[in-house]
Amino acid sequence: MFDPRPAQRINTFISGMAARFRNARSLSGQVFPCSEGHLCDVCANHKQRTEECKERGKTPEKTRACVEHLIQERLLKIEQLKQSVKLSKQDAGTATTAIAENCSSLINSVQKSLDHFKDVIEQKQKETEKQAEGFIKQLEEEISELMAERSEMMQPAQTKEHSYLLQNTQPMKDWTRVTVQSSCDVTVRTAAAKLERISKEMKELSSRVELEKVRLYGVDVTLDPNTANPYLVLSDDGKRVSCGDAEQVLPDRPERLSSFGVLGRQSFSSGRFYYEVKVKGKTKWDLGVVRESVNRKGENTICPENGYWVVWLRNGHYRALTSPSEPLSLMSKPQKVGVFVDYEEGLVSFYDAEAAHLLFSFTACDFSEKLHPYFSPCPSDDGQNSAPLIISSISQTLD
């Protein structure tokens, strides 16, 4: 019905160029990149420089080396893109498998519950029928006795004897309060409670599926020390930040924040991205994204109008810093917070990354420039808030 899948062919041009470049690099020991302020014509054009190359007297060999350098950069970028696609495919496959397993488990649970209730209802119906049959049999026996007595009473000669029998007859059962209840009364109530639990499980699964979808856009975020407030202490790997006891002596860079915050080194001006931050043990924190042009000096009101899309915790109270800020009623205290941004949709969403609950979403955001992840561990409060914020790796699996 369908055409056979064509055999994949190797791009001999790219593979040949890569092989030649590797050979050239192994023979020469190094490639002469444009460095030390010298730009060849190719590199100048590549970077769209307006000034001409200062070293017009470069040898052809060095110019060729710059070309080879540009080729290498592009070949490496191709490999990076291929690897990214491969990893994304693996993550998508893992997430799909996990979601399918959870859905299958839920479907099996529903089917087992349905089969169980069908069996219970059938058993209850049999018991009800059996009880009713017993009552009917007793009633028929009593009717037979009464009809016999009535017949005997029709005979005048035995009136005295009948009067004696009636006086000594055992009293009959009072049937006025005897009923047969529906076999489904209790079962239906039990089933309704079970279905309510299943409905809750389905909502939780839906939340987990939604979180797995945004996790597919996970990015590697590191902290930018050049933007960190002097009181903040960053780890060497740029993955954790806490507030120190004393102000550090650091260069007063224009990009450095005067508030207790630090930005992510990475910036984003399109697409979607997601990252997670451990907040366990903290009593105060701020998390979100900011515009690159945000005012980094002096006092700032944290709100979207000033280029901040942030959620914070203050001593057990969570708020979305809208204008005015909005309190958040959370089902549980998040230990890890996920931040998702859809640049084109103007969306910033915050998740409880462990419970898979949506905490809050900023919608209809007006993004017109680069965005940076924003982190504030807040002051340590004499050790009560000394725990660090930790950027964690993202696993695309349902818990």
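Model, not experiment: these values are computed from the prediction. Along every chain, residues carry numbers that run from 1 in the direction the sequence is written. Local features in a predicted model are, by the rule used here, given only for residues with pLDDT of at least 70; side-chain atom pairs are given and counted only at 80 or more, and totals for whole chains, interfaces and linings are based on all residues. In computing side-chain properties, one takes all heavy atoms of the structure into account and sets aside hydrogens as well as water.

Some thoughts on the side chain of His-372
Right, so step 1: Tracing the backbone through its elements, the reader meets His-372 in strand S12 (residues 371-376).
Right, so step 2: Residues adjacent in sequence count toward polar contacts only when both atoms are side-chain atoms; beyond that, a polar contact is any pair of N or O atoms within 3.5 Å, and within protein one must be able to donate a hydrogen and the other to accept it. Polar side-chain contacts of His-372 include one of 3.2 Å to the backbone oxygen of Gln-266.
Right, so step 3: Beyond its immediate sequence surroundings of up to four residues, His-372 is in contact with Leu-263, Gly-264, Arg-265, Gln-266, Ser-267, Gly-288, Val-289, Val-290 and Glu-292. Only DSSP runs of H or I reaching four residues or more are called helices, and only runs of E reaching two or more are called strands; each is numbered from the N terminus. For this analysis, residues touch if any pair of their heavy atoms sits within 4.5 Å.

So, the nonpolar core
Right, so step 1: By nonpolar core is meant a set of buried Ala, Val, Leu, Ile, Met, Phe, Trp, Tyr and Cys residues that side-chain atoms within 4.5 Å join together. The classification of residues rests on relative accessible area computed with a 1.4 Å probe and restricted to protein chains. Under 20% of the type maximum is buried, over 50% is exposed, and intermediate values are partly exposed. Of all hydrophobic cores here, the largest spans 36 residues; its most connected members are Trp-285, Val-348, Phe-362 and Phe-375.
Right, so step 2: Grouped together as the second largest cluster of nonpolar side chains are eight residues, Leu-263, Tyr-308, Val-310 and Tyr-374 included.

What to know about the confidence of the model for the protein
Right, so step 1: Values of pLDDT, which run from 0 to 100, indicate the predictor's confidence residue by residue. Looking at the protein, the pLDDT average stands at 80 and 75% of residues meet or exceed 70.
Right, so step 2: Low pLDDT (under 50) marks residues 46-57, which in the prediction has 11 contacts with non-local residues, meaning those over four places away or in another chain.

Structural notes on the sheet that holds strand S11 (residues 357-362)
Strand pairing in a sheet relies on backbone hydrogen bonds, with the paired strands running either antiparallel or parallel.
Right, so step 1: The strand order across the open sheet formed by seven strands is S1-S2-S13-S4-S9-S10-S11, and the pairing between neighbours is antiparallel. At either end of the open sheet lies a strand with only one pairing partner, and these are strand S1 (232-234) and S11. Each adjacent strand pair in this sheet contributes to an overall mean axis angle of 20°, direction not counted.
Right, so step 2: Both strand S4 (residues 272-278) and strand S9 (residues 336-342) contribute to a ladder of seven bridges, which runs antiparallel. Looking at the pairing, Glu-276 lines up with Gly-338 of S9. Strand pairing is defined by DSSP finding a minimum of two bridges between the two strands. For helices, the fitted line uses only the C-alpha atoms of the stretch in contact; every axis is such a line through C-alpha atoms, and the angle between N-to-C directions lies from 0 to 180 degrees.

A closer look at the pattern of salt bridges
Right, so step 1: Salt bridge, as used here: a side-chain nitrogen of Lys or Arg that lies within 4 Å of a carboxyl oxygen of Asp or Glu. This structure, assessed with the given rule, holds nine salt bridges.
Right, so step 2: A salt bridge links Glu-210 to Lys-213; the shortest N-O distance between them is 3.7 Å. In this pair, Glu-210 and Lys-213 are both assigned in helix H5 (residues 185-215), three residues apart and thus about one turn of the helix distant.
Right, so step 3: For Lys-213, a relative accessible area of 45% translates into the label partly exposed.
Right, so step 4: Linking Arg-215 and Glu-212 is a salt bridge whose minimum nitrogen-to-oxygen distance equals 2.9 Å. Of this pair, Arg-215 and Glu-212 both sit in helix H5, three residues apart, which is roughly one turn of that helix.
Right, so step 5: Among the residues examined, Arg-215 registers a relative accessible area of 5% and is labelled buried.
Right, so step 6: Taking the relative accessible area as the measure of exposure, Glu-212 reaches 2% and is therefore buried.
Right, so step 7: Via salt bridges that share partners, Glu-212, Arg-215 and Glu-276 belong to a single interconnected network.

Examining the pairing of S4
Right, so step 1: In terms of residue burial, S4 counts as a mostly covered element, since five of its seven residues are buried.
Right, so step 2: The pairing of S4 with strand S13 (residues 389-392) spans three bridges and is classified as antiparallel. Bridging from a neighbouring strand, Glu-276 pairs with Ser-392 of S13.

Looking at the layout of surface pockets
The gaps of empty space that remain are located by a probe, the size of a water molecule, rolled over the atoms.
Right, so step 1: Taken as a whole, the largest pocket holds about 560 Å³ of empty space.
Right, so step 2: Secondary-structure elements contributing two or more residues to the lining of the largest pocket are helix H3 (60-153), S4 and S13.
Right, so step 3: Examining the composition of the lining of the largest pocket, we find that five residues originate from one element, H3, more than from any other.
Right, so step 4: In this classification, Asp, Glu, Lys and Arg are treated as charged, Ala, Val, Leu, Ile, Met, Phe, Trp, Tyr, Cys and Pro as nonpolar, and every other residue, Gly included, as polar. Its residues assigned to classes, the lining of the largest pocket shows nine nonpolar, seven polar and four charged.
Right, so step 5: Here a cavity is any set of points on a 1 Å grid over the protein atoms alone where a 1.4 Å probe fits but cannot get out, and a pocket is any open set with protein on both sides within 12 Å along at least 5 of 7 lines; a residue lines the site when it has an atom within 4 Å of a point. Grid points are joined across faces, edges and corners, and a volume is the space filled by probe spheres set on the points. Its boundaries defined by the atoms lining it, the second largest pocket holds a volume of some 360 Å³.

Looking at the pairing of strand S5 (residues 284-291)
Right, so step 1: Among the eight residues in S5, seven count as buried, and that is most of the element.
Right, so step 2: Pairing of S5 with strand S6 (residues 308-314) involves seven bridges; the strand directions are antiparallel. Along S6, the bridge assignment pairs Val-289 with Trp-309.
Right, so step 3: The sheet contact formed by S5 and S12 spans six bridges and is antiparallel. Pairing of Leu-287 across the sheet is with Phe-375, part of S12.

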